[in-house]
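Spelled out from the first residue to the last, the chains are:
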Amino acid sequence: MPKTLLFAVALALGVCVLVLLSLVGYVAGIEALYRPLADGVATHPLTALTLLGCGVAVLLECVPVARPSVSDGHSLSLAAARGLAFAALLVALVRLLEDVSGTVILHAITPFQQLVDEELAAGKSNAMGANTAITMMLLAASLLMRSFGHARMSQLGAFGSLFFPVTSLAGYSYGLQDFYGEMSPITCLLTLWMGVSCLFLTADSWVMNVLLGNTSVSRVGQIQLVASLSFPLFVGYGVLFVQTREVSSLFAIVMVAFMWFSVTLISYSMLRLRRFEDDLKSSIQQLGVSESQFRDLFEYSPIATLLLDKKNRVVSSNHEAEKLFDTPRDELHNMSVDSLVPDGKAFIRDTAPIEQQAESDSGYDLDSGNNQTNSHESQQRLVATARSGTQIPVEVSHTPIATLDGQQTLLAISDRTEVQHHLDSLERSNKELDQFAYIASHDLRAPLRAITSLTRFIEEDLGDQLQGETAEHFSLLKGRVKRMDMLLNDLLEYSRVGRTASRPEWLDLDDVIDGLRQLYLPDNRFTIEVLGNTRKVFAARPQFELVARNLLMNSVKHHHLDAGHIRVWVEPADDTTCVYFADDGPGIEPRFRQKVFDIFTTLKPRDEVEGSGMGLALVAKSMQLVGGTVEVVDKLCPFSMVSQAESVHNGADSQEKTAQSGTTFCLQYPNHVPV
């Protein structure tokens, strides 16, 4: 059993013993046992019995008794404790009701009532006063709350029950009867013990947990509570000793109020300090875990990492740094970063927050907390120097961090030797691809041009003799040559997509579409309409013109009529900007909507629709390179009603009848912030 419960049991046993002695005094006629001061206030028999019930209830709650469980799942001892506490609560409430209503209810159940009546007739004080009844009510409520697991409510009741006993003791100390009324010294002592016992029952929670702890906060609180409870008594005795007159009631009230105010304030401050202490311990533990995680990440990082002080000297390094520089850690320690990465110090200085750049090269201060940087990149390609003098291409980045030793810099150094090897290999591949493009555009097309010339010469030589099946074969030959030339051109363009870097910009959709219309649709058989209020797209002009041109030409080429209508509009979203191209052609079946973006894919035989099958493949590849997508969607034009009204006015009703049966392409561009 915990020490706090043992203390609660000891106090409860003391209460039971003194109560029994008081009852023995009534039985044996020994007045001193229930009235310790001659002609003073006596402990009423009903008060003694109520205190005895509370004391036994504490013992039943604290002492384990092997009993069969009752129906509600608690032991018989706990049920009995609740019953005794409830009975005490009922007696206290009935006693208060007597004072309010002016009736006598408890007279019939009070033991030794005849003796009590005789003492009252003789002018002696022997009654359960209102202060005693309130104290008993709070004690009983505290025991009930504790038995049902409400520790905080139990502590509040126990603290409240201490008010009248302590105040009465102050009254006895100062000689002020108004302070103790009908509460005898024995009742003061017993109720005080019971209140403390109830507090110790809930020592594992809330205020008592803080007060009885082993922390510095608990020890300070214990000293403060003892001082706040003792101070009024000592002051009162001092005043009585210095002055030979009685202490005034006002002075006593001030002292008692000061005592209870101090107790309340100390209890609240202890709770707040304990919460702060717990938060501090939790923060220290989290800090320790974070530091351990940082050390593990630092040590086992797959790239070389250096920790630099304000003078840009190495404070710590990991295993990868040893391998990269071919230098033991003890030799790396205190080395300047410039001896390992030339221009590293300048790189750190130039990419530090602007407020830090006013500092000297010996270091910089991060206390301002402003992360604004200048125009330099915080990641840069430099050259590191190993101990053997070998030059190593590296990529360096740095991060300022706060440590117990002040502001330091975490420098990450990535070995780019293998990356550089891959870049060189990629550059060679690009050169080979350029050479292939040259061959495709010259050497492979040269025979095609020769065949075209030969067929023309033969046609000129034969003249009118070229008739019938022979003329048909010559026409087929020229078509196949033209198709082969188109294939080579489109294949060459497909290989060049993304090879030329272009800076994205805000493009005027009307301007781009109008330029494409004039170049590729000069006969006005197909009308192109830009709709909506949003007319801007953030993209590279060559890339967007390539995509738009192929989508427009695809709509024209595969249209089932000689004339048609194409709508273009923009719909901005949170993460993307969608550009829609919708025509009124025959449409694409759902099962072919993904296949049409494969290279050399056409849905109709090339003899019916001449084409290489590369147009939509160019669109898909171009969108992929900019981080976007293209797809065929089932989406109605949100501006169709306006378009139809304008078309009716222009006499183009026949085209609008099929406006929603065509194909709608959706280009999704990622939202970029223009620099």
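Going by the structure above, here's the rest.
Criteria and cut-off values
Along each chain, numbering runs from 1 in the same order as the chain's sequence is written. Totals for whole chains, interfaces and linings use every residue, but because this is a predicted model, local features are given only for residues with pLDDT of at least 70 and side-chain atom pairs only at 80 or more, for both listing and counting. Neither water nor hydrogens contribute to the side-chain values; these are computed over all heavy atoms in the structure. Here, nonpolar core refers to any group of buried Ala, Val, Leu, Ile, Met, Phe, Trp, Tyr and Cys residues whose side-chain atoms link them within 4.5 Å. Each residue is assigned to one of three classes by its accessible area relative to the maximum for its type, calculated with a 1.4 Å probe on protein chains only: buried under 20%, partly exposed between the two thresholds, exposed over 50%. Helix and strand labels come from DSSP, where a helix needs a run of H or I of at least four residues and a strand needs a run of E of at least two; each type is numbered from the N terminus. Note that domain bounds follow an automatic or database assignment of domains. The contact definition used throughout considers only heavy atoms, calling two residues in contact when any of these lie within 4.5 Å. Salt bridges are defined as contacts in which a side-chain nitrogen from Lys or Arg sits within 4 Å of a carboxyl oxygen from Asp or Glu. Axis lines are fitted through C-alpha atoms, for helices just across the contact stretch, and the angle between N-to-C directions can take any value from 0 to 180 degrees. Oblique is the label for any angle not under 35 degrees, not over 145, and not in the 65 to 115 range, which are roughly parallel, roughly antiparallel and roughly perpendicular in turn. It is the rotation of the near helix from the far one that decides the hand of a crossing: anticlockwise by less than a right angle makes it left-handed, clockwise makes it right-handed. Only Asp, Glu, Lys and Arg are considered charged, only Ala, Val, Leu, Ile, Met, Phe, Trp, Tyr, Cys and Pro nonpolar, and every remaining residue, Gly among them, polar.

Colleague: Just checking my understanding: could you explain the nonpolar core for this structure?
Modeller: For soluble globular proteins, the rule of thumb is that nonpolar side chains tend to be buried together. By size, the foremost hydrophobic cluster in this structure holds 50 residues, and its most contacted members are Val-19, Leu-51, Val-58, Leu-143, Met-194 and Leu-201. When residues of this core are traced back to their parent elements, those giving at least two are helix H1 (3-28), helix H2 (45-62), helix H3 (76-101), helix H5 (130-147), helix H7 (163-174), helix H9 (185-201), helix H10 (206-211) and helix H12 (249-299). There are two domains that each give this core at least three residues, and those are domain 1 (3-202) and domain 2 (205-287). The residues touching Val-58, leaving out its near neighbours within four places in the chain, are Ala-8, Ala-12, Leu-143, Met-194, Ser-197 and Leu-201.

Colleague: I keep staring at the pattern of salt bridges and nothing clicks. Help me out?
Modeller: Within the structure shown, the criterion is met by 20 salt bridges. When the shortest N-O distance is used, the salt bridge between Arg-329 and Glu-322 registers 2.9 Å. Looking at Arg-329, the relative accessible area reads 31%, which means it is partly exposed. What you see here is one network of salt bridges that share partners, running through Glu-31, Arg-35, Glu-119 and Lys-124.

Colleague: It is not clear to me how the packing of helix H20 (residues 509-520) against helix H21 (residues 541-557) should be interpreted in this structure. Could you clarify?
Modeller: Between two packed helices, both the angle of their axes relative to each other and the distance between the axes serve to describe the pair. Interaxial distance between H20 and H21 falls to 10 Å at its minimum, and their mutual angle equals 55°. Accordingly, the angle class assigned to the pair H20 and H21 is oblique. Remark: the crossing between H20 and H21 carries right-handed chirality. Touching Leu-509, Asp-511, Val-512, Leu-516 and Tyr-520 of H20 are Arg-541, Phe-544, Glu-545, Ala-548, Arg-549, Leu-552 and Met-553, all from H21. By residue class, the composition of the contact of H20 with H21 is 8 nonpolar, no polar and 4 charged.

Colleague: What's the story with helix H22 (residues 615-625) in this structure? I'm lost.
Modeller: Helical periodicity: at 3.6 residues per turn, an α-helix aligns residues three or four positions apart in one direction. Those residues of H22 not exposed but buried are Leu-616, Ala-617, Leu-618, Val-619, Ser-622 and Met-623. Immediately beyond the C-terminal end of H22, within one or two residues, lies Gly-627, with a positive phi of roughly 80°.

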